Amino acid sequence: MTLTHAERSQTPARLWGVLAVLCTVLFLDGLDVSMVGVALPSIGTELGLSTTSLQWIVNGYVLGYGGLLLLGGRTADLLGRRRIFLIALAVFAAASLIGGLVDDGTLLIATRFVKGLAAAFTAPTALSILTTTFAEGPARNRALSVFSVFGASGYSSGLILGGLLTSAGWRWTFLIPVPLALAALIAGIVLIPRDRPAAEGGHDLAGAATLVSGMLLMVYSLVSAPDRGWLHPVTLTLAAAAIALLAAFLVIERRVRHPLIRLGILRAGAIVRANLSMVALFGSYLSFQFMMTLYLQNVLHWSPLRMALALLPAGLLVAFGSPFTGRLITRYGTAPLITGAMLSMALGYGWFLLTAGATPHYVVTTLPTMLLLGGGFALGFSSIMAQATDGIEDSEQGLASGLVQTSGQVGAALVLALVTALVAAASPASRADFSQFHPGVNLVTGVAVAGLLLSLTPLLTRRR
């Protein structure tokens with residue numbers, strides 16, 4: 001599946017043109033998540049969506065992305081990276097266009113799910129195109145560094161751009177990515193070298209179907225439980241069906257010839273800890289931003305731009321801090337850095353709970369919290385990714401990388417679903433303060449503390 005020497009010996013300008021295309025797509029992924037997050041209150045107001053429905057705009061994308069991420073990478077290997085990348089990018093652009101034009105909340109959520117599916121194919125395929133286009137060594141390392149910075153920069157830029165666009169109308173947050181995606185598509189057709197599909201292999205479609213269906217049912221049962229009741233027959237039936245589907249997924253993975261996940265890889269303690277740490281990192285961070293977005297715009301009635309500027313410090317630390325994490329990993333290893341990251345996250349949420357009260361003060365409470373969260377995320381993401389792939393055979397590097405990314409996305413969906421259920425159950429319509437969000441912040445704090453305790457395990461074991 002690797003490219004020939006002749007294919008790698010392209011002109012430097014063409015090589016960096018390919019990198020520009022790949023970086024643009026990764027930038028769009030980060031941009032999309034943060035822009036839409038800023039627009040959620042405006043979307044809810046215009047389309048009449050409740051907090052429970054709004055979380056599906058986030059979780060629809062996250063579940064589509066996380067559920068098919070492993071299948072996306074495998075499909076690219078089997079059918080050709082260039083072909084899958086370009087098709088998925090075209091679907092992403094079409095879903096963005098439709099999302100900006102619809103007037104129905106259900107259709108909007110459906111477009112978000114389709115965009116997540118498209119991203120599940122573009123993200124792993126872009127990384128594999130990069131590693132097979134740039135020869136191993138300094139050129140590939142430099143390309144990977146640039147690639148990572150664009151992902152973080154897309155998220156930070158999306159906060160500001162989302163604030164500006166939402167002020168003009170939330171639909172622009174869906175429409176702006178369309179011309180960028182089309183430009184990347186045209187450039188990709190011209191620049192990305194053709195590759196040969198794998199000579200053998202297969203898809204695990206049954207595994208992908210049971211995983212996505214099980215996660216969708218699980219999230220739906222959690223977010224609908226406050227309205228129906230946690231012990232309502234429908235709630236219990238949905239939860240049982242979700243568990244059955246996820247159990248079927250595990251059975252399929254044990255028996256299918258080409259599984260999405262080779263379960264034996266989970267016997268390594270470091271890999272399991274890395275995946276659970278990614279759940280804690282992504283789940284707590286995404287859920288806290290969701291609550292702050294609703295509070296600052298719906299309760300305090302801040303403009304979208306003002307709200308984006310309030311949350312921007314965390315995004316800036318992620319964008320500018322991530323490139324330096326590699327040096328720290330080389331010097332100190334991953335375990336101490338993951339511990340430091342989870343400690344920073346836990347302190348950020350803890351400080352918020354300690355000082356927020358009914359009306360959090362921005363300088364005293366929100367700003368220090370965002371700085372702690374941004375620093376923790378910048379330190380933790382790269383360290384967790386490195387730990388998840390450390391010591392893995394070359395033939396399973398893609399599996400290990402895809403697995404930890406899937407854990408982050410799916411874990412974030414579950415934590416956000418629980419947070420939404422808690423906020424919806426505790427929401428006092430007559431009180432215009434932060435009280436309704438306290439249960440959700442308690443949960444994300446607990447998730448971060450659990451991640452911290454988990455990261456301490458190898459350090460304590462080594463000391464003994």
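For the structure, check the block above.
Concerning helix 5 (residues 105–133)
Phase 1 of the analysis: Given a rise of 1.5 Å per residue, 29 residues ought to cover 42 Å, and the 41 Å separating the end C-alpha atoms of helix 5 matches this to within 8%.
Phase 2 of the analysis: Taking the backbone nitrogen of Thr 106 as reference, a side-chain oxygen 3.0 Å away marks Asp 104 as the first, capping residue of helix 5.

Quick look at empty space enclosed by the protein
Phase 1 of the analysis: By the definition in use, this model includes 3 cavities of 30 Å³ or more.
Phase 2 of the analysis: Sorting the residues of the lining of the largest cavity by element identifies helix 2 (12–47), helix 3 (51–79) and helix 11 (269–299) as the ones contributing at least two each.
Phase 3 of the analysis: Class assignment for the residues of the lining of the largest cavity results in 8 nonpolar, 3 polar and 1 charged.

Overview of the packing of aromatic side chains
Phase 1 of the analysis: Taken as a whole, this structure holds 13 aromatic pairs when the rule is applied.
Phase 2 of the analysis: A ring pair is formed by Trp 170 and Phe 174, whose centres lie 5.6 Å apart and whose planes are at 80°; its orientation type is edge-to-face. Comparing Trp 170 with Phe 174, the two get one shared label, buried.
Phase 3 of the analysis: Pairing Phe 282 with Phe 377 gives two aromatic rings, centres 5.6 Å apart and planes at 70°, and the pair type is edge-to-face. One end of the pair, Phe 282, is in helix 11; the other, Phe 377, is in helix 14 (residues 362–389), with 95 residues separating them in the sequence.
Phase 4 of the analysis: Look at Phe 377 and you get buried, because its relative accessible area is 11%.

Rules of the game
- Residues numbered from 1 in each chain as written.
- Predicted model: local features only at pLDDT ≥ 70, side-chain atom pairs only at ≥ 80, totals over all residues.
- Heavy atoms only, no water.
- Helix = DSSP H or I, 4+ residues; strand = E, 2+ residues; numbered from the N terminus.
- Expected span 1.5 Å × (residues − 1).
- Polar contact = N/O pair within 3.5 Å; in protein donor to acceptor, adjacent residues only side chain to side chain.
- 1 Å grid on protein atoms, 1.4 Å probe; cavity = no way out; pocket = protein on both sides within 12 Å on 5 of 7 lines; lining within 4 Å.
- Points joined across faces, edges and corners; volume = space filled by probe spheres on them.
- Nonpolar A, V, L, I, M, F, W, Y, C, P; charged D, E, K, R; others polar.
- Phe/Tyr/Trp six-rings, centres within 6.5 Å; stacked < 30°, edge-to-face > 60°.
- Buried < 20%, exposed > 50% of the residue type's maximum accessible area, 1.4 Å probe, protein only.

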